[in-house]
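Observations on chain architecture
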Amino acid sequence: MTTAAFPLTWLYVPGDRPGVVTKALASGADVVVIDLEDAVAPDRKDYARGATADLLTHGQPVPVHVRINSLDTPWAEADLAALLGLPGLGGLRLPKVTGPADILHVTARTTVLPLYALLESALGIEHAYAVAAAHPALRGISLGEADLRADLGVRGDIGLDWSRSRIVVAARAAGLAPPPQSVHPDTRDLAGLAASCAHGRALGFLGRAAIHPRQLPVIERAYLPTEAELEQAETIIKAATTEQGAQALPDGSFIDAAVVAAARRTLSLATHR
């Protein structure tokens, strides 16, 4: 199993549809996320959990994460009991996280498995940094925009931009990777997806969750660096590593450690595929 240094595509698939999960594993997504929560009806929870556990008794060709049910539901503990320790489980995505106590509840069961928190309410956004810094096992945070939109009563897309920027800052302040964007729900609106990705990239996101394989190439194109960006990154690295210790580019712009770190991340994305 190989893992991209910075995953760009996170493909969600319903846990009660094993055939769809199998196809997702061959889709080219960086991470496949088996969803036991929103995508599965209550009367299918047990079946979805069992099917997922069966799949994860073996290693998989790409990282497989599981979005378990919310910790305030009766299904969450059953999810954890069935899944923890399985060799094919690469990470847990925790929905509807509202504070660091949710993270610590899971780390009381496992401190080895990478955890990812989904912030989907006003309270979760208010506690974004506390969540991001709650435990070393937490590797990332992201938004669940559908629930957050409903909680805030936001109609226009721009109403979520403050919350989006908040989690980007919280993630970076806690030393985590830049968060991926939430899903674009219209799987046929690829032009809208591309425009939304461009906006998310400008806000500081890196990569995006998807709900259909056709969305994956659009997300990759949006988040992979352009030739001009790669050229600029190489110029920055070269300037930062000269014997004279130059800290200025040929155009006179100033560079420092943060700029150099960002340039290294850009170059690492060049080898994403």
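These notes cover the structure that comes with them. Computed from a predicted structure; not experimentally measured. (Residues numbered from 1 in each chain as written. Predicted model: local features only at pLDDT ≥ 70, side-chain atom pairs only at ≥ 80, totals over all residues. Heavy atoms only, no water.)

Quick notes on the packing of helix α9 (residues 190-203) against helix α10 (residues 216-223)
We apply this condition: All axes are obtained by fitting lines to C-alpha atoms, using only the stretch in contact for helices, and the reported angles, taken between N-to-C directions, cover 0 to 180 degrees. Numbering of helices and strands runs from the N terminus, with a helix taken as a DSSP run of H or I at least four residues long and a strand as a DSSP run of E at least two residues long. Each crossing gets its hand from how the near helix is turned against the far one by less than a right angle, where anticlockwise is left-handed and clockwise is right-handed. Should any heavy atoms of two residues lie within 4.5 Å, those residues are considered in contact. The nonpolar class holds Ala, Val, Leu, Ile, Met, Phe, Trp, Tyr, Cys and Pro. Asp, Glu, Lys and Arg form the charged class, and all remaining residues, Gly among them, are polar.
For the pair α9 and α10, interaxial distance at closest approach is 9 Å and the crossing angle is 35°. Note that α9 runs across α10; the crossing there is right-handed. Residues Leu190, Leu193, Ala194, Cys197, Gly200 and Arg201 of α9 pack against Val218, Ile219, Ala222 and Tyr223 of α10. The residue inventory of the contact of α9 with α10, partitioned by class, reads 8 nonpolar, 1 polar and 1 charged.

Points about helix α8 (residues 161-173)
Quick reminder: α-helices carry 3.6 residues per turn. Residues three or four places apart thus point the same way. Short version of the rule: How far a helix is expected to stretch is found by multiplying one less than its residue total by 1.5 Å. Residue burial is assigned from relative accessible area. The probe radius is 1.4 Å, only protein chains are included, and a residue is buried under 20% of its type maximum, exposed over 50%, and partly exposed in between.
For α8, with 13 residues, the first-to-last C-alpha span of 18 Å sits near the 18 Å given by 1.5 Å per residue. Burial in α8 covers these residues: Asp161, Ser163, Arg164, Ile167, Val168, Ala170 and Ala171. Buried residues in α8 make contact with β5 (115-119), α5 (122-126), α6 (128-132), β6 (138-143), α7 (145-152) and α9. Positive backbone phi, at 80°, marks Gly175, one or two positions downstream of α8.

Focus on unusual backbone geometry
For Lys96, which is not glycine, the phi dihedral falls at a positive 55°. One can find Lys96 in the loop between β4 (91-94) and α4 (100-107). The exposure class of Lys96 is partly exposed, given its relative accessible area of 29%.

Some details on the environment of Ser268
Note that Ser268 resides in helix α12 (residues 257-269). Residue Ser268 is classed as partly exposed on the basis of its relative accessible area of 27%. Along the backbone, Ser268 and Pro225 are 43 residues apart, and their C-alpha atoms lie at a distance of 9.7 Å.

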